[in-house]
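# Inside the fold
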Amino acid sequence: MTTTDATSTAPVLSVRDLVVEARRPDGAPLRILDGVGFDVAAGQTLGVVGESGSGKTMTATAVLGLLPPGVSVTSGGIRFADRELVGLRESQRREFRGKGIAMVFQDPLAALNPVQPVGRQIGEIARRRDGMSRAAAGRLAVDLLERVGVPDPAGRARAYPHQLSGGLRQRAVIAMALAGQPRLILADEPTTALDVSVQGRILALLTKIQAEDGVSVLLISHDLRVMSHTAQHVAVMYAGKVVERGPTRELLHAPRHPYTAALVRSVPAVHSRSAPVAPIPGNPPRLAALPSGCRFHPRCPLAVERCRVEEPVAREVEPGRVAACHRAEEVLP
Amino acid sequence: MTEPLLSVREVWTTFKAPRGKGGRRQEIQAVAGVDLTVAEGETVGLVGESGSGKSTLARTIVGLERARSGTVTFAGTDVTTGWSRRLRRDVQMVFQDPRSSLNPRMTVRDIVAEGWRAHPGLVRPGGHDAEVAHLLEQVGVDPALAGRRPAELSGGQCQRVAIARALALRPRLLVCDEAVSALDVSVQAQILALLARLREELGLAMLFISHDLGVVRQLSDRVAVMYLGKIVETGPAEQLYSSPEHPYTQTLLASALELDPDATPPAFAAEPLETTPSRSEDRTDAAPSA
């Protein structure tokens, strides 16, 4: 089953039935991700959207092999460029991080070394990649800063992170990601900490890089607005599961899971006089106390007895569209 | 029209920057000559990016910062240099992060009732528990949670408790500083609906501060746009959103992301340069880069 019917090539990243568990103090396992699956097609962006606690960041962390101590993949697989990542040793992992898979996080200050000029940090990645000389790495850093739209790139290469605005810092981080010539950029809330007027430009930059370099992007965000402008495909996560996935446009026009539909309705409109947002009642469940049956049923307007007792299995509801809902065919946009 | 409930006239709030080159301390004008009014029962949205001075303006209004010049008038009384205890009650604030604005060691009951210690006439001594229960019900929190502490509640529930605490003093003006920004989308929609309902029920006036243009449009009768310490445009919400006049408002609206199912990625024109100056960027640009 694939969500990328448009491309016949193998996906760059394929996550299959991924289960991630944490050990609780009493020894019992706590399931954080429960059967997560999706593909990131070559040269495309897959958006993973969900609220806090849905498992979207844990999914990214698992892909990077950076799960916190006490948390581990207990079953399922993560294939990247025809290599299975689950079960690799840390030393084998390291060759993927930064090179095959590059990262762009929410807070660029946390990703940058505060006591080193940004140009040095960008060049360092390239030096580690193919051992180029310091001078060549310095020139490459300036080129990359120019490519990501930093004005006065030669001057800015000598700047320290604190001397740059939030938008420029995030551009420097993206330049750093590019220095590794990755096949996949993993971007976790890359615009959430930025001002409104800068957000769009950073997303445009990621889109441009993707188009020019054919790099794939796994974009993680709580914001459906970001997805609608950036991702070709979206996976919606709720309480540790992917509840719906499919092409962005169809998914937003005609959601097949009540949670997706509710998320769409809770986004306030900027450019039109819209009806008041329609809140989803209740709160997302705690993983330690999941409801029976479908995890969304206590908040779902369509819930019936079956939803309370039987957990829905993800199924293809129409070509390229997967939803985990007993009543997927009855969801109204 | 009668005199507005809140009136801000030519207010300047400045800070001294850390000692820079040559030992001179630069003055930062966080709020640079702002005029703003909020009428009884009116909701005014204040939008702007980080560093625009919107939070400093809010803090100056409620007296958490001192204005260097200008006047703040509330219900006909000059409160620029301080609020009387009686008037203080009439303005309450809701902050962005409910976890840091609620005392983690206090129970929900004590958090909501705390203000009554300073205003003992408000609720009769034996009626505290009943009034707390009433307030919690009003904001959609199960009164059975009154004995819990903030850590045992979700982010949305904490923000509801923060709103109940503000309402406990029966204010006439609620100042909300990014009150829904830290919440998940579905919970954010709940709090927006709650604020809209309370405003109707209680006839509250609101100064609603947010960087999110969509959120502001949901609630506001009028909107003021702040940029680098000044209000560059103000007007009725519908008018400002449909025909913005100031170039900055136009830029801000043009760059606001909308949920658009028909956007075909990539939906942005290639615009490679950061052109909007921020304050930190101004300083970087001012420094010689060679």
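All of these numbers come straight from a predicted model, not from anything done at the bench. The numbers attached to residues start from 1 for each chain and follow its sequence in the written order. All chains are assigned letters beginning with A, and all ligands numbers beginning with 1, in the order in which they are written. Predicted model: local features are reported for residues with pLDDT of at least 70 only, side-chain atom pairs are reported and counted for 80 or more only, and whole-chain, interface and lining totals are derived from all residues. Note: side-chain values were computed over all heavy atoms of the structure, leaving out hydrogens and water.

## A word on the overall build of chain B
The helix and strand tally for chain B stands at 12 helices and 10 strands. Burial here depends on accessible area, computed with a 1.4 Å probe over protein chains only, as a share of the maximum for the residue type. Under 20% is buried, over 50% is exposed, and the range in between is partly exposed. Looking at chain B residue by residue over its 290 residues, the buried ones come to 51%. Here, residues are in contact when the closest pair of their heavy atoms is within 4.5 Å. If you take every contact in chain B between residues at least 6 apart in sequence, the share linking residues at least 24 apart comes to 69%. Method for areas: the Shrake-Rupley scheme with a 1.4 Å probe, in which residue coverage is limited to the protein chains shown. Accessible surface computed for chain B: about 13,100 Å², of which carbon and sulfur atoms make up 50%. Each helix corresponds to a stretch of at least 4 residues labelled H or I by DSSP, and each strand to a stretch of at least 2 residues labelled E; elements are numbered beginning at the N terminus.

## Brief notes about helix α11 (residues 247-255) of chain B
Think of an α-helix as 3.6 residues a turn; residues three or four steps apart then line up on the same face. Along α11 of chain B, the residues classified as buried are Tyr248, Thr249, Leu252, Leu253 and Ser255 of chain B. Where α11 of chain B is buried, its residues touch α8 (196-213) of chain A together with β3 (43-47), α9 (213-219), β9 (222-227), β10 (230-236) and α10 (237-242) of chain B.

## Overview of the pattern of salt bridges
Here, a salt bridge means any side-chain nitrogen of Lys or Arg that lies within 4 Å of a carboxyl oxygen of Asp or Glu. Inspection of the entire model under this criterion finds 32 salt bridges over all chains. Residue Arg16 of chain A pairs with Asp39 of chain A through a salt bridge whose shortest N-O separation is 2.9 Å. In this pair, Arg16 of chain A is assigned in strand β1 (residues 13-23) and Asp39 of chain A in strand β2 (residues 29-40), connecting sequence segments 23 residues apart. For Arg16 of chain A, a relative accessible area of 34% gives the class partly exposed. Its relative accessible area of 5% is what places Asp39 of chain A among the buried residues. Note that Arg222 of chain B and Glu42 of chain B form a salt bridge whose closest N and O atoms lie 2.7 Å from each other. You can see Arg222 of chain B sitting in strand β9 and its partner Glu42 of chain B sitting in the loop between β2 (27-38) and β3, a full 180 residues away along the chain.

## A look at the confidence of the model for chain B
Confidence scores per residue from the predictor, reported as pLDDT, run from 0 to 100. In this model, chain B carries an average pLDDT of 87, and 89% of its residues clear a pLDDT of 70 or more. With pTM at 0.86, the complex prediction returns an ipTM value of 0.79.

## A word on the packing of helix α7 (residues 166-179) of chain A against α8 of chain A
Residue and element names in this part refer to chain A. Only the contacting stretch of a helix is used when fitting its axis, a line to C-alpha atoms as for every element, and angles between N-to-C directions run 0 to 180 degrees. Where α7 contacts α8, the two axes come as close as 10 Å, and the packing angle between them is 15°. One finds that α7 runs roughly parallel with respect to α8. For α7 against α8, the interelement crossing comes out right-handed. For the pair formed by α7 and α8, the contact residues are Gly167, Gln170, Arg171, Ile174 and Leu178 on the first element and Val198, Arg201, Ile202, Leu205, Leu206, Ile209 and Asp213 on the second. Note on residue categories: nonpolar means Ala, Val, Leu, Ile, Met, Phe, Trp, Tyr, Cys or Pro, charged means Asp, Glu, Lys or Arg, and polar means any other residue, Gly included. Each residue belonging to the contact of α7 with α8 can be placed in one class, and the counts come to 7 nonpolar, 2 polar and 3 charged. Reported orientations rely on four angle classes, namely roughly parallel under 35 degrees, roughly antiparallel over 145, roughly perpendicular from 65 to 115, and oblique for the rest. Take the far helix as the reference: if the near one is turned anticlockwise from it by less than a right angle, the crossing is left-handed, and if turned clockwise, right-handed.

## What to know about the side chain of Lys241 of chain A
Among the structural elements, Lys241 of chain A can be located in strand β10 (residues 241-247). Here Lys241 of chain A is in contact with Asp34, Ser54, Val236, Arg295 and Glu311 of chain A, once residues within four sequence places are set aside.

## Here's the deal with the pairing of strand β3 (residues 45-49) of chain A
Residue and element names in this part refer to chain A. The buried fraction of β3 amounts to 5 of the 5 residues, a majority that puts the element mostly inside the structure. Residues of β3 alternate between two faces, with Thr45, Gly47 and Val49 on one and Leu46 and Val48 on the opposite face, all of them buried. We call two strands paired when DSSP finds no fewer than two bridges between them. The pairing of β3 with strand β8 (residues 216-221) spans 5 bridges and is parallel. By the bridge assignment, Gly47 is partnered in β8 with Leu219.

## As for α8 of chain A
Residue and element names in this part refer to chain A. The end-to-end C-alpha distance of α8 is 26 Å, a good match for the 26 Å that 18 residues give at a rise of 1.5 Å each. Taking burial as the measure, the 18 residues of α8 include 14 buried ones, the bulk of the element. One or two positions beyond α8, positive phi appears at Gly214, with a value near 65°. Expected helix span is computed as 1.5 Å times (number of residues minus one).

## Description of the environment of Gly115 of chain B
Residue and element names in this part refer to chain B. One can find Gly115 in helix α5 (residues 115-118). Assessed through its relative accessible area of 22%, Gly115 is described here as partly exposed. In the structure, Gly115 is positioned 140 residues away from Ser255 in sequence and 41 Å away in space, judged by C-alpha atoms.

## Considerations on the side chain of Thr73 of chain B
Relative to the helices and strands, Thr73 of chain B is located in strand β4 (residues 69-74). Assessed through its relative accessible area of 19%, Thr73 of chain B is described here as buried.

## A few points about the sheet that holds strand β4 (residues 71-80) of chain A
The strands making up a sheet associate through backbone hydrogen bonding, with each pair oriented either parallel or antiparallel. All names here are of chain A. Pairing within the open sheet is antiparallel, and its 4 strands lie in the order β2-β1-β4-β5. Lying at the two open borders of the sheet, with one neighbouring strand each, are β2 and β5 (83-84). When β1 meets β2, the two strands line up antiparallel, connected through 9 bridges. Of the residues in β2, the one forming a bridge with Val19 is Asp34.

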